[in-house]
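A look at the structure
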Amino acid sequence: MTEVIQGNLYDFPKYYDLVYGCECRLEINFLSHCFDRYCGKGPKHLLEPACGTGRLLWRLARRGHTVSGLDLNPNAIEFCNCRLDRHGFPQTAFVADMSDFEVDGSFDAAFNTVNSFRLLTDPKLAKQHLRCVANSLGERGVYILGFHLSPESGSLADDESWTARRGSLEVYTAMTLNRRDQDTRLEEYDVFYRVKTPSRSFEIHDKTYFLMYTFDEFESLIRNSGVFKIEDVYDFNYNFGFPIEVCESTEDAIFILRRI
């Protein structure tokens with residue numbers, strides 16, 4: 001019988017880092033181009049809300065940027081800071097709620113590219129998050145925010161699965177939709193890792209909840225927050241130089257938000 005652990009996936013940063021680390025190079029190159037285009041060339045002072053394990057932070061630090069991150073999970077922050085330290089960088093990640101935080105000084109840019117924004121399941125918290133990020137940025141600072149929209153035509157993606165490997169460690173991940181409520185705009189997913197090591201095989205089971213956004217709903221949130229404007233939009237192909245026009249079928253979106 002397979003060992004099953006009922007737990008918070010974010011409490012297992014080693015596996016989380018592997019699962020979401022497969023596209024780091026594409027993300028880093030895309031972010032670097034965005035920083036140059038929208039903030040000017042040269043090293044930047046960067047902030048990542050919901051930084052998790054810091055898989056992007058240390059790579060950006062290696063490119064000469066000064067980086068900081070925050071996350072609600074202490075295990076993820078410990079993993080992130082240990083990684084920064086191991087690569088010779090200051091331990092600048094800290095535990096905080098991404099809808100209620102303050103920072104010292106100001107940042108040139110902030111980024112959050114892997115759907116973490118939708119974990120704020122109350123629109124009021126999403127607005128608070130945008131204001132916290134804006135308050136952390138310098139004049140005309142940029143926030144690069146990526147997440148899945150709910151397309152107004154075509155079908156929504158329900159399930160997703162993939163396998164990631166590093167050395168002798170393998171993690172199969174599956175996200176399965178349980179419930180989608182159009183009135184509350186909430187999605188509930190079952191999420192699990194199937195972990196295989198040379199000496200052990202087990203599963204970690206969890207649930208996660210996302211707030212749904214059509215493009216119109218997100219535009220409305222941006223207007224009501226009063227702190228950002230949408231400057232450009234890209235998709236998850238990370239094809240820098242080719243902003244997209246959002247249409248009724250757009251699902252993957254990376255917004256370039258300019259502080260106003």
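The paragraphs below set out a description of the structure included in this document. What you are looking at is a predicted structure, and each value in this text was computed from that prediction instead of being measured.

For the rest of this paragraph, the subject is the pairing of strand β7 (residues 160-166). Bridging between β7 and strand β8 (residues 169-181) involves seven bridges; their strand directions are antiparallel. Within the sheet, the bridge partner assigned to Arg 166 lies in β8 and is Leu 169. Between β7 and β8, which follow one another and run antiparallel, lie two residues, and Gly 167 among them has a positive phi close to 60 degrees.

With that out of the way, let us pick up the environment of Ile 254. Within the secondary structure, Ile 254 sits in strand β12 (residues 252-259). Between the C-alpha atom of Ile 254 and that of Gln 128, which follows or precedes it by 126 residues, the distance is 20 Å.

Right, let's talk about the side chain of Thr 53 for a bit. Along the polypeptide, Thr 53 turns up in the loop between β2 (45-49) and α3 (57-62). Excluding anything up to four places from it in sequence, Thr 53 contacts Pro 13, Tyr 16, Asp 17, Ala 76, Phe 79, Cys 80 and Arg 83.

With that settled, consider the side chain of Thr 173. Within the element layout of this structure, Thr 173 appears in strand β8. Residues within four places of Thr 173 in sequence aside, it is in contact with Val 19, Glu 160, Ser 161, Trp 162, Phe 192 and Tyr 193.

Turning next to the packing of helix α5 (residues 123-136) against helix α6 (residues 215-225). Across the interface, α5 lies against α6 with an axial gap of 10 Å and an inter-helix angle of 55 degrees. On the basis of their axis angle, the class for α5 and α6 is oblique. With respect to the hand of their crossing, α5 and α6 are arranged in right-handed fashion. Two secondary-structure elements touch here, α5 through Pro 123, Ala 126, Lys 127, Leu 130 and Arg 131 and α6 through Leu 221, Ile 222, Asn 224 and Ser 225.

The rules we used
- Residues numbered from 1 in each chain as written.
- Predicted model: local features only at pLDDT ≥ 70, side-chain atom pairs only at ≥ 80, totals over all residues.
- Heavy atoms only, no water.
- Pairing = 2+ DSSP bridges.
- Helix = DSSP H or I, 4+ residues; strand = E, 2+ residues; numbered from the N terminus.
- Contact = heavy atoms within 4.5 Å.
- Axes fitted to C-alpha atoms, helices over the stretch in contact; angles between N-to-C directions.
- Parallel < 35°, antiparallel > 145°, perpendicular 65-115°, else oblique.
- Left-handed = near helix turned anticlockwise from the far one by under 90°.

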